[in-house]
Amino acid sequence: MRNSRIALFLAVGAVTPLVTALTPATASAAENPLRPYLQQKPAWHRCDTELPASFQCATLKVPLDYGRPDAKKLDIAISRMRTSTKRERRGVLLLNPGGPGGPGIDMPQYMADELPKAVKNKYDLVGFDPRGIGRSSPVGCGLTSDERNWERPYKAETFTQDVKWARTVAEKCDKKQGDKLRHVTTRNTARDMDVIRAVLGEQKISYLGYSYGTYLGAVYTQMFPKRTDRFVLDSAVDPARVWRGMIQVWAEGAEPAFTRWAEWTAARHATYMLGRTPEAVRTTFYGLVAQADRKPIDLDGTLLTGDDIRQGFRGMFFGTRDAAEAVAALKKAAAGGSQAAGRAPRTPEPVAPSFGRAVPEDNGDAGFWAVVCADSRAWPRDPEQYRRDAIRDKAKYPLYGDFASHIKPCAFWKKTGSEPATRIANKVRALILQNEWDSQTPLNSGRGLRRAMKGSKMVTVAGGVGHGVYGTKSCADKTATTYLTTGRLPANDVTCKAAPDAQERNDPDRLPLPTPPGVARMVSPF
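Just so you know, the residues in each chain are numbered from 1, in the order the chain's sequence is written. Local features are withheld for residues below a pLDDT of 70 in this predicted model, meaning they are given only at 70 or higher, and side-chain atom pairs are given and counted only at 80 or more; totals for whole chains, interfaces and linings count all residues. Only hydrogens and water are set aside when side-chain values are computed; all heavy atoms of the structure are taken into account.

Asks: Which residues make up the packing of aromatic side chains, and what values go with them?
Replies: Think of a pair of aromatic rings as described by two things: how far the centres are apart, and how the planes are tilted against each other in angle. Planes of paired rings set the category: under 30 degrees apart is stacked, over 60 is edge-to-face and the rest tilted, where pairs are Phe, Tyr or Trp rings (Trp by its six-membered ring) whose centres lie within 6.5 Å. With the rule as written, the count across this model stands at 22 aromatic pairs. Measuring from ring centre to ring centre gives 5.1 Å for phenylalanine 285 and tyrosine 286, while their planes differ by 80°; the resulting arrangement is edge-to-face. Burial here depends on accessible area, computed with a 1.4 Å probe over protein chains only, as a share of the maximum for the residue type. Under 20% is buried, over 50% is exposed, and the range in between is partly exposed. Residue phenylalanine 285 is classed as buried on the basis of its relative accessible area of 0%. In this structure tyrosine 286 comes out as partly exposed when scored by relative accessible area, which is 21%.

Written out as C-alpha cells, the structure reads:
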C-alpha cells in the first residue's frame, strides 16, 4: 500500500466493561482475564538482515474478541527503534500511517529520517501492523483486481452491475473470514495498542498518527484517557462522519479546491493556455471530460474516459501547479495524441509486503472494508438510497459526488461490528495538525475532530497542500516538536502560513502514508 502515499479515515464502537479489563489498577491480577496478554515478554529480533540491527521486531498475542479473552487469538506484529539517550528518554512513541488497511511495522525506520533529533532522544519509536493487516493475522477476501476497484461512478445503465459488485465483495469477505471480520475494528485496535503499552512496561503512551491514525488515536484517548500522554493527530478524520461521510467529504472538499485551482490557472493563462478566466478554465476541463466520454483520450499509453479524468484529478486539484501541468498535458493529448485503441487503463500493481512476508494480495482492501463496514452501523441497506444520493451529489459536487455516494460493499456486509461506534467527546490534551488543502482529510474534517476533542489544540497550515504535515518541514513542525518534547500546547489554536512553493505542489510521497485500497493515482508523468 505504499506506491501512492495518500491516505484517509476510519471508525469504531463502544463497550465500557472491556475498557476496565485493560486497566489492571481496577482489579487484582487474579481477577484480570487479560493478565496473560499484558505480561507477555516480547522476543525481539532483527527485523531483516538488510535493515539496521537497531530496527527490532517481535510478535504479540491478543484476543480476537476482548469479551472472550480465552478464545481465539490474533498475532500483532510490532517493531521498535530505541532511543540512544536513556537520560532524556520519556517513553514510547507509537506510530500509525493511516488507512484503514495500512501496515505500520516499518514506520519507525521511515520516521527516524523525518523526525527531529530532539524527539528521537525522548522516545523509542514503536510501529505495529494493526490487527488483520500485514504481519498481524492478515485478512483476505480473494478479490479480483476488478473487485478491488471501488471508485465507481454512478450511471443508470451500470447501476445493477455495481450493486452486484458490492454484494459480491461482501459475500466473498464473509465466506473467507466469517465472524473474524466483526472484530477487525478500530476499538479493538485501540485495545491492542493498550496491550502493546503494557507489554512494553509503560504507564502511558505517546502517539503520532496520520489520517485514519488520527481516528485510531482519538478512540484510544476516549477509551484510555489516563493512559494517554502526548498525542499528535495529523491530517484528521472527523469522528462524526465515519465512515460513509468520510468518503463523501472527498467530494465536498474537491469543489473549493477546483475553484481555487481554476482561479490560479486563469491568472497564468500565458503559461498553461487553459483559459483567461476561472469560468473559461472550468469549461476547458469539463470539455475534456465530455470529449473523453465520447472517445477515451490516450495520455501516455493510458486510455482515459471522462469518469477516469474526474476520479483521477480529484486529488490533483489540491496542488495548483501540478494540476495545471497535468490538465495542459491532457489537453495536448486530446488535440493530437495517438489513440491506442483497445488498451485498457492500468490498475495499481500490488505492493510487496513489509520484509517480503507473504500476505493476501487483497489484504489492504479486506482490512479497509472490515473496518469501515464494522466500525459504523450507519450504512444504508437499501441500494436505492445510494442511487438517490449519487444522483443528488453528482449535481451538487460534479467532480466526484457520484463516486463518493455510490453503493459500497458495506450495504451488504454480513456481520455488523461487535460494538456500536465510539462517540469522541473528551478533554485530552492532544495536538491536531491540518493542511488547508488536504485532498484526503479536508480542512472541515480536521475541524470536526477539534470540536470533539475539547482539550486539544489545532495548528492549521494556511495554504498548506497535501496529506500529512509533521515531518514535511512544515511551519507546524516546530509546534509539534515542542509539544512532543516538553508537553506544552499552544494557548490557543494556531494558524501558520505555508511557504509559497508548498502552496502549489502536492507531493504524495513525502511521508509513508498508504493509499486507500482501490484508489489509483492518475497515471501520468505527474
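Asks: So what's going on with the state of the cysteines? Which residues, and what values?
Replies: Pairs of cysteine sulfur atoms within 2.5 Å are what we label disulfides. On inspection of all chains with the given rule, the structure shows four disulfides. Here cysteine 47 engages in a disulfide with cysteine 57; their sulfurs sit 2.0 Å apart. What sets the handedness of the cysteine 47 and cysteine 57 disulfide is the S-S torsion sign, and at about 100° it is right-handed. Of the two residues, cysteine 47 sits in the loop between strand E1 (45-46) and strand E2 (56-63) while cysteine 57 sits in strand E2, which places them 10 residues apart along the sequence. Judged by its relative accessible area of 1%, cysteine 57 is buried. A run of H or I in DSSP counts as a helix once it spans at least four residues, and a run of E counts as a strand once it spans at least two, with each numbered from the N terminus.

Asks: With reference to specific residues and values, describe the pairing of strand E6 (residues 205-210).
Replies: Burial within E6 is extensive, with six of its six residues counted as buried. Of the two faces of E6, the one holding Ile205, Tyr207 and Gly209 and the one holding Ser206, Leu208 and Tyr210 are both buried throughout. Pairing between strands is defined by DSSP: at least two bridges between them are needed. Judged from the four bridges that link them, strand E4 (residues 91-96) and E6 form a sheet pairing that is parallel. Among the inter-strand pairings, leucine 93 is bridged to a residue of E6, identified as serine 206. Two strands pair when backbone bridges link them, and E6 and strand E7 (residues 228-234) are joined in this way by five bridges, in the parallel orientation. Within E7, the residue paired with tyrosine 207 across the bridge is phenylalanine 231. As a crossover connection, the stretch from E6 through helix H8 (residues 212-223) into E7 is right-handed. Here, the term right-handed applies to a crossover whose path from the first strand over the helix to the second runs clockwise when the strands point away from the viewer.

Asks: Outline the packing of helix H7 (residues 186-199) against H8, listing residues and values.
Replies: Two measures define how a pair of helices packs: the angle their axes make with one another and the distance between the axes. Only the stretch in contact is used when a helix axis is fitted, and all axes are lines through C-alpha atoms; the angle between N-to-C directions ranges over 0 to 180 degrees. Taken N-terminus to C-terminus, the directions of H7 and H8 make an angle of 70°; their axes are 9 Å apart at the nearest point. Here H7 is positioned roughly perpendicular relative to H8, judged by the angle of their axes. Judged by the sense of rotation from one axis to the other, the crossing of H7 with H8 is right-handed. Residue-level contacts link Thr186, Arg187, Thr189, Ala190, Arg191, Met193, Asp194 and Arg197 of H7 to Tyr212, Tyr215, Leu216, Val219, Tyr220 and Met223 of H8. Polar here means any residue other than Ala, Val, Leu, Ile, Met, Phe, Trp, Tyr, Cys and Pro, which are nonpolar, and Asp, Glu, Lys and Arg, which are charged; Gly is therefore polar. Class assignment of the residues belonging to the contact of H7 with H8 gives a composition of eight nonpolar, two polar and four charged. Reported orientations rely on four angle classes, namely roughly parallel under 35 degrees, roughly antiparallel over 145, roughly perpendicular from 65 to 115, and oblique for the rest. When the near helix sits turned anticlockwise from the far one by under a right angle, the crossing is termed left-handed; a clockwise turn instead gives a right-handed crossing. Contacts were defined at the residue level, with two residues in contact if any of their heavy atoms lie within 4.5 Å.

Asks: Lay out unusual backbone geometry with the relevant residues and their values.
Replies: Cis geometry is adopted by the peptide bond preceding proline 100, which originates at glycine 99 and carries an omega value of -5°. Looking at where proline 100 falls in the secondary structure, it is placed in the loop between E4 and helix H3 (107-111). With an omega dihedral of -5°, the bond running from valine 242 to tryptophan 243 counts as a cis peptide bond. For tryptophan 243, the position within the fold is in the loop between E7 and helix H9 (244-266). Notably, aspartate 300 is not glycine yet its phi reads approximately 55°, a positive angle. Residue placement: aspartate 300 occurs in the loop between strand E8 (297-299) and strand E9 (302-304). In this model, lysine 473 sits at a positive phi of 60°, which is unusual for a non-glycine residue. Topologically, lysine 473 is positioned in the loop between strand E11 (457-465) and helix H18 (477-486).

Asks: Describe the nonpolar core, naming the residues involved and giving the relevant values.
Replies: We define the nonpolar core as a collection of buried residues of types Ala, Val, Leu, Ile, Met, Phe, Trp, Tyr and Cys that are connected through side-chain atoms lying within 4.5 Å of one another. Counting residues in each nonpolar core, the largest one holds 85 residues, and the members touching the most others are Leu94, Met193, Ile196, Leu233, Trp243, Trp369 and Met453. Core analysis: the next-biggest nonpolar cluster, separate from the first, contains 32 residues, Leu125, Leu431, Val459 and Val461 among them.

Asks: Now, about the pattern of salt bridges: what can you tell me, with residues and values included?
Replies: A pairing counts as a salt bridge when a side-chain nitrogen of Lys or Arg comes within 4 Å of a carboxyl oxygen of Asp or Glu. Under the definition given, this model contains 23 salt bridges. Two residues, aspartate 389 and arginine 244, come together in a salt bridge whose shortest N-O distance is 2.9 Å. Placement of aspartate 389 in helix H15 (residues 383-396) and of arginine 244 in helix H9 is noted, with a sequence separation of 145 residues between them. For aspartate 389, a relative accessible area of 6% translates into the label buried. Between aspartate 493 and arginine 450 there is a salt bridge whose closest N-O contact spans 3.0 Å. Here aspartate 493 is found in the loop between H18 and strand E12 (494-497), whereas its partner arginine 450 is found in helix H17 (residues 443-452), with 43 residues between them in sequence. On the basis of relative accessible area, arginine 450 is assigned to the buried category, the value being 18%. A cluster of three or more residues bridged by salt bridges with shared partners is formed by Lys155, Asp307, Arg310 and Asp402.

Asks: Tell me about H8, and please be specific about residues and values.
Replies: Structurally, the α-helix is built with 3.6 residues per turn, so residues lying three or four positions apart point the same way. How far a helix is expected to stretch is found by multiplying one less than its residue total by 1.5 Å. Over its 12 residues, H8 extends 17 Å from the first C-alpha to the last, a length consistent with the 16 Å expected when each residue adds 1.5 Å. H8 sits mainly inside the fold: 11 of its 12 residues count as buried.

Asks: Mind laying out the side chain of aspartate 362, listing which residues take part and the relevant values?
Replies: Secondary-structure assignment places aspartate 362 in the loop between helix H13 (320-336) and helix H14 (363-375). Buried charged residue aspartate 362 carries no salt bridge. Nearest counter-charge: arginine 148, at 6.3 Å. In this structure aspartate 362 touches Gly140, Cys141, Gly142, Leu143 and Arg148, once residues within four positions along its chain are discounted. Note on charges: Lys and Arg go in the positive column, Asp and Glu in the negative column, and His and the chain ends are not counted at all.

Asks: Provide a residue-level description of the confidence of the model for the protein, including the pertinent values.
Replies: Each residue carries a pLDDT score, the predictor's own confidence in it, on a scale running from 0 to 100. Chain-level pLDDT for the protein is 88 on average; 86% of the residues reach the 70-or-more range. Across residues 1-29, confidence stays below pLDDT 50; counting only partners more than four residues off in sequence or on other chains, it has 127 contacts. Across residues 520-526 the pLDDT falls below 50, and counting only partners more than four positions away or on other chains, this stretch makes 23 contacts in the model.

Asks: So what's going on with the pairing of strand E10 (residues 431-437)? Which residues, and what values?
Replies: Of all seven residues that make up E10, six are buried, and the element is covered over most of its length. Bridge analysis of E7 against E10 gives three bridges, and the strand direction is parallel. Looking at the pairing, valine 232 lines up with leucine 431 of E10. Pairing geometry for E10 and E11, over six bridges, is parallel. Bridge pairing in E11 places leucine 433 opposite valine 459. What joins E10 to E11 is H17, and the crossover it makes is right-handed.

Asks: Would you mind going over H17 in detail, with residue names and values included?
Replies: Burial of H17 is extensive: seven of the 10 residues sit out of reach of the surface. Among all positions of H17, only Leu443, Ser445, Gly446, Gly448, Leu449, Arg450 and Ala452 are buried. Looking at the buried residues of H17, the elements they touch are H8, E7, H9, E10 and E11.

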